[in-house]
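Here is how the chains run, residue by residue.
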Amino acid sequence: QVQLVESGGGLVQPGGSLILSCEASGFTLSRYAMGWFRQYPGKEREAVACISGRSGNTFYIEAVKGRFTISKDNDKNTVSLRMNNLKPEDTATYYCATGYYSGTYCRGDYWGQGTQVTVSS
């Protein structure tokens, strides 16, 4: 069974950093596209960073470019999201997912439970 479990969320001050981690089971994530998505309370879930399965190509939305980094640790079967220079508008529930990614199109098919990130002074 495909399972994704996030960890690392919490409360941070503006300008701070946070690393989210997602442990995958039931599949080898090095072979599959992975993504981090976020959802504001009244909005649809959106991809913020994605990484391909084969090539390692990545995608970031403009709002997080230069601040967020997605990476895989294939030995641990995890995908992480390093978030630097956090802003209040980064406050959201963050989800990891596996699905499909190509170019600027990133879709989640299997989801983690979500982890809350709150950026506030």
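Because the structure is predicted, anything quoted here is derived from the model rather than measured.

Here's the deal with the overall build of the protein
A count of helices and strands for the protein gives 0 helices and 11 strands. Along the protein, helices and strands appear, N-terminal first, in the series β-β-β-β-β-β-β-β-β-β-β. At 13 Å, the protein has a C-alpha radius of gyration in line with the 14 Å of a compact globule built from 121 residues. Across its three principal axes, the protein shows a C-alpha extent of roughly 40 × 30 × 25 Å.

Here we look at the sheet that holds strand S7 (residues 68-73)
Across the sheet, which stays open at both edges, the 4 strands sit in the order S1-S3-S8-S7 with antiparallel pairing between neighbours. The open sheet is flanked by strand S1 (3-7) and S7, the only strands paired with a single partner. Across the sheet, the mean angle separating the axes of adjacent strands is 15° when strand polarity is ignored. As judged from the 6 bridges shared by strand S3 (residues 18-25) and strand S8 (residues 78-83), these two strands associate in the antiparallel manner. When the sheet's bridge partners are listed, cysteine 22 is paired in S8 with valine 79.

Quick look at the nonpolar core
Formed by 35 residues in total, the largest nonpolar core has its most connected members in Leu20, Trp36, Ile70, Leu81, Met83 and Tyr94. Residue assignment for this core shows that the elements contributing at least two residues are S3, strand S4 (34-39), strand S5 (46-51), strand S6 (58-60), S7, S8, strand S9 (92-102) and strand S11 (115-119). Here tyrosine 94 is in contact with Glu6, Leu20, Trp36, Phe37, Arg38, Phe68, Leu81, Met83, Gly114, Thr115 and Val117, once residues within four sequence places are set aside.

Some thoughts on the side chain of aspartate 90
Tracing the chain through its elements places aspartate 90 in the loop between S8 and S9. Side chain to side chain, aspartate 90 and arginine 38 meet in a polar contact 3.0 Å long. Sequence-distant contacts of aspartate 90, that is, excluding residues within four places in its chain, are made with Arg38, Arg67, Phe68, Asn85, Val117 and Val119.

Let's talk about the state of the cysteines
Taken as a whole, this structure holds 2 disulfides when the rule is applied. Two residues, cysteine 22 and cysteine 96, share a disulfide whose sulfurs are 2.0 Å apart. Around the S-S axis, the bridge from cysteine 22 to cysteine 96 shows a dihedral of about 50° and counts as right-handed. With cysteine 22 in strand S3 and cysteine 96 in strand S9, this pair connects stretches of sequence that are 74 residues apart.

Criteria and cut-off values
Residues numbered from 1 in each chain as written. Predicted model: local features only at pLDDT ≥ 70, side-chain atom pairs only at ≥ 80, totals over all residues. Heavy atoms only, no water. Helix = DSSP H or I, 4+ residues; strand = E, 2+ residues; numbered from the N terminus. Rg over C-alpha atoms; globule rule 2.2 N^0.38 Å. Pairing = 2+ DSSP bridges. Axes fitted to C-alpha atoms, helices over the stretch in contact; angles between N-to-C directions. Core = buried A, V, L, I, M, F, W, Y, C linked by side-chain atoms within 4.5 Å. Buried < 20%, exposed > 50% of the residue type's maximum accessible area, 1.4 Å probe, protein only. Contact = heavy atoms within 4.5 Å. Polar contact = N/O pair within 3.5 Å; in protein donor to acceptor, adjacent residues only side chain to side chain. Disulfide = S-S within 2.5 Å.

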